[in-house]
Amino acid sequence: MKRGFRNRITRRDFLNGVALGAGSCLLARMAPGLAARPGSDAGLTLGVDWYGYGGVGDYRQSHGNTPEAIRAAHRLRDRGFDLSGLDFDTAEEHELVIVGCGMAGLGAGLEYSKRRQAGQSCLMLDNHPLFGGEAKENEFRVDGVTLIAPQGANGFFVPPRTDDPARSHGDARYYAELEIPRELPYRAWPSSERPLEFCRDNYGYLVRGLQEQTSVGHFFAGGGGPGRWAVDMWQNALADTPLEPAERRSMLRWYRAGNLRPFGSAGAAMAFLDRMSYRELLENELKLGPAGARYADLFLASAVGLGSDAVSAYAASQLPMPGLSDPPASGLRRQSFPGGNSGFARYFLKALIPGAIAGEHAFGDIVTGRINFAALDCPGQALRMRLNATVVAVRHRGASASAPYVEIAYLRDGQLHPLRAKAVIMATGGWINRHVVRDLPDEQRRAYEQFNHAPFLVANVALNNWRFLYRLGITAAIWEHGEDDFGYTCNIRRPMTVGRHQPPLDPNRPIVLSFYTPFFYPGLAPRAQTARGRMELLQTPFADFESAITKQMLKLFGSAGFDPQKDVAGVILNRWGHAYSVPYPGFYTGLDGQPPARDVIRHGFGRVAFAHSELAGLQHWGPAADEGRRAFGQISDAMLG
């Protein structure tokens, strides 16, 4: 099939979108040193045809895991870096090196900037061309309209006010400290149009109690027929669905269930619920049957990586899941900046290096201002940020208890570079830390092996118009994943109007349709699920994903007039190989009588501390920054000597 939207992207645009400063090496096959194991990287080609179009603007060169970052990580995993030629005795030196510029790293950097002593310096390193971790954005320009969409992390509730940020934690602390506005501007839906409700992020329409705030269509495939839509099916008590009466009753009983198992304390809830999966709780303890667990998979896999069979019931209790919590309060609304949590990352950066984002300390400038890359890594700055720098080794100079400093080696532009630091914060994921930190104690290495990281794909489709959704009366779609289907859900958001991001909200004008796509396979062991999903994510060429998205959209929306030749302007894929640390049963309280792995890792050792979002169990921007702040507190004394 000819895909007209690909023809709208010029070859020059396509190549510019994947130029990462590494020249022709990006078009080569994976390095010969990578071991080929069954179900791993064998045959993986990481070139232009794999990475695909990156859009326009500052983030065009960094959408999802870049080919360069993946190759370096796999080479690291296979012990492909020899440090024997590096001179650490005369290397560049800092009091603090922070590895990773995601939310945890930014939180550590913010704490350093407030508590540093005169003469101290900090260098932040990140293996991608942009800071923010999974809190990045895609940008399109369609018919003169700027469209910005999240690459990954997005969605939040505006936290309660705090009069004392220094004594607060999580979202409330940083929201106040960074002076983020509480009243956020969104494009209004004209009262003259047919009534439609829009989600403001890419998750709320999946959540019981919040789904009712969005015009959601559930698609049921027919037996060889065109299928049928049930719009707002929960409000209509599933009356428009083809479900059998017994299954309807089971689904409604689950969906309407409040907190059926209250506990006297948070500790008691954790001790009981962390022993089982959410599915086990529903079926064995609450007797709610399997239908609810299958539907819960959609939200859980999108929020924490895998479905109800692999997720701790305690983790589910921290989310508004039926059977463990009452429905959210009426009127509660999730929010999202245009690029999702990239807005928070940009607020942190503006606080750390004010000149790194053009404009003043104002909402519109921070969220949509251009990045001044030249300001990130200037000699003499108290804090510097170096991008496209993959740290491949961290080790103490001698025994960790008495080492005078830590040696760091990083890869940039194909060359290894040495560093020295009095202290190091590893604000990177556990899947890579256990390979990077070469003198990691056995206890912490074993703890890291308990984590199970799930992949995730965010596909943003820029539309010239969305008349086909308007005709159906929906702004979000959910479908049961069949053998030949792509994904499970997609939606358009009510656009925030801020700075240069001023998109219309008109069925005849451009918008972004986002597919947030987990990889989960109920029935398989959790680690088998994540391994299979990662293989599918990494081994599928861009064109194959693009074709699958087109086919899925035709299946869902073809009857409403969707035409990919006319309606689609471009597609960006954001592949995250280790997007989530799945909070498995035992994650919070430990396995086999052993302490929780996250507690073991939080101890750090010597001059090295660990901070990453996965230690909190449910990965979110505020708690992730708190992990960075905690790690700085652990390591701050080491910076003095």
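In case you missed it, the structure is sitting above this.
Residues numbered from 1 in each chain as written. Predicted model: local features only at pLDDT ≥ 70, side-chain atom pairs only at ≥ 80, totals over all residues. Heavy atoms only, no water.

Asker: Explain the overall build of the chain to me, please; I cannot follow it from the model alone.
Answerer: A count of helices and strands for the chain gives 21 helices and 16 strands. What you see for the chain is a C-alpha radius of gyration of 24 Å, in line with the 26 Å of a compact globule of 641 residues. Across its three principal directions, the C-alpha atoms of the chain cover 70 × 60 × 55 Å. Put simply, the chain has 641 residues, and 60% of those count as buried. Taking the intrachain contacts of the chain between residues at least 6 apart in sequence as the baseline, contacts between residues at least 24 apart amount to 74%. With the model as given, the accessible surface of the chain reaches about 24,200 Å², and the carbon-plus-sulfur share is 49%. The average position of the 70 basic charges and that of the 64 acidic charges among the side chains of the chain differ by 2 Å. (Helix = DSSP H or I, 4+ residues; strand = E, 2+ residues; numbered from the N terminus. Rg over C-alpha atoms; globule rule 2.2 N^0.38 Å. Buried < 20%, exposed > 50% of the residue type's maximum accessible area, 1.4 Å probe, protein only. Contact = heavy atoms within 4.5 Å. Areas by Shrake-Rupley, 256 points an atom, 1.4 Å probe, with all protein chains shown as cover. Lys, Arg positive; Asp, Glu negative; His and termini not counted. Charge placed at Lys NZ, Arg CZ, Asp CG, Glu CD.)

Asker: I'm lost on empty space enclosed by the protein in this one. Help?
Answerer: Here the idea is plain: a probe the size of a water molecule rolls over the atoms and shows the empty space left. Applying the stated criterion across every chain, the model contains three cavities of 30 Å³ or more. In this structure, the largest cavity occupies an estimated 110 Å³ of space. Forming the boundary of the largest cavity are L147, I148, R493, R494, P495, H501, P503, P504, I511 and V512. Looking at the lining of the largest cavity, the elements with two or more residues in it are β4 (145–150) and β14 (511–518). Residue classes in the lining of the largest cavity are distributed as seven nonpolar, one polar and two charged. For the second largest cavity, the calculated volume is near 80 Å³. (1 Å grid on protein atoms, 1.4 Å probe; cavity = no way out; pocket = protein on both sides within 12 Å on 5 of 7 lines; lining within 4 Å. Points joined across faces, edges and corners; volume = space filled by probe spheres on them. Nonpolar A, V, L, I, M, F, W, Y, C, P; charged D, E, K, R; others polar.)

Asker: Got a minute to help me understand the layout of surface pockets in this structure?
Answerer: Of the volumes computed, that of the second largest pocket is approximately 520 Å³. Those elements that place two or more of their residues in the lining of the second largest pocket are β5 (216–220), α7 (245–255), α10 (290–304) and β12 (476–479). Ranked by residue count, the leading element in the lining of the second largest pocket is α10, at five residues. Looking at the lining of the second largest pocket, its residues break down into 14 nonpolar, two polar and four charged.

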